[in-house]
Amino acid sequence: MDRMNDFNEKLPQKKQMDFTDIKISVEKYSSEIIDYDYLIELLNNYMDEKTPENEAAIKEHVASSNSVEELDLRRLLEGILAGHFHKHFTSQSFNDVIKEIHKENQELELNRWAYENGYNSEDILEAYHLFIPGVELKDNPSLNSKINEINIKLDLKFKKKKELKDKLIMKFQEMDK
């Protein structure tokens, strides 16, 4: 019997789970989560009536979004104001428009970065489109080849070639976040 008690004592005891940390996290981040269905409703209202109140309601609703989402939504509002969007958004059409705006914003950022660093923006955009998040450069021969092509065009020496590869990969990873 003593052996059985010794055995039971060595087994991990059931512990009561404490969900306090989870509850606190959910409460903390719930204010940062955007209700996209409600946002679409607000955007459609703004499309119908371009009033300062409707615009303020949208801005208030997305105030907790990150800077990338905020930039995309600002461009969407500008598009509505300019009359580029006439039909009410559905979840799918909203997602499609946001993806397109996000892609355009990324391309603008890459063009600016390429210009500031003295690179051909078309080559940098082509390289970015070959970038696969989470895949090493050695495992992405298309991107590796494109970067080597850029190096040849720029007539870079060995050390500068490595710097360019590192800068490109860092920039692409930063944009993928």
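Quick look at the structure, then. No experiment lies behind these values; they were computed from the predicted model shown.

Take the pattern of salt bridges next. Taken as a whole and assessed by the stated rule, the structure comprises eleven salt bridges. In this structure, Asp 123 engages Lys 153 in a salt bridge whose closest nitrogen and oxygen atoms are separated by 3.0 Å. Remark: Lys 153 occurs in helix α8 (residues 141–154) and Asp 123 occurs in helix α7 (residues 121–130); sequence separation between them is 30 residues. A relative accessible area of 53% places Lys 153 in the exposed class. When salt bridges that share partners are traced, they join Asp 123, Glu 126, Lys 146, Glu 149 and Lys 153 into one network.

Its location among the elements puts Glu 109 in helix α6 (residues 91–117). Between the C-alpha atoms of Glu 109 and Met 175, which are 66 residues apart in sequence, the distance is 8.9 Å. Those residues in contact with Glu 109 that sit more than four places away from it in its chain are Lys 171, Glu 174 and Met 175. In this structure the side chain of Glu 109 is engaged in a polar contact, spanning 2.8 Å, whose partner is the side chain of Lys 171.

Bringing α8 into the picture now. The α-helix winds at 3.6 residues per turn, so residues separated by three or four positions along the chain end up facing the same way. If you check α8, its first and last C-alpha atoms are 20 Å apart, about what 14 residues at 1.5 Å a residue would give, namely 20 Å. Inspection of α8 places Leu 143, Lys 146, Ile 147, Ile 150 and Asn 151 among the buried residues, and these make up the whole buried set. Along the axis of α8, the buried positions cluster into a sector of 145°, meaning they face one direction only. Exposed and facing more than 90 degrees away from the buried side of α8 are Pro 141 and Ile 152. Packing partners of the buried residues in α8 comprise α7 and α9 (158–176). Looking one or two residues beyond α8, the residue adopting positive phi is Asp 155, at roughly 55°.

Conventions used here
Residues numbered from 1 in each chain as written. Predicted model: local features only at pLDDT ≥ 70, side-chain atom pairs only at ≥ 80, totals over all residues. Heavy atoms only, no water. Salt bridge = Lys/Arg side-chain N within 4 Å of Asp/Glu carboxyl O. Helix = DSSP H or I, 4+ residues; strand = E, 2+ residues; numbered from the N terminus. Buried < 20%, exposed > 50% of the residue type's maximum accessible area, 1.4 Å probe, protein only. Contact = heavy atoms within 4.5 Å. Polar contact = N/O pair within 3.5 Å; in protein donor to acceptor, adjacent residues only side chain to side chain. Expected span 1.5 Å × (residues − 1). Arc of directions from axis to C-beta.

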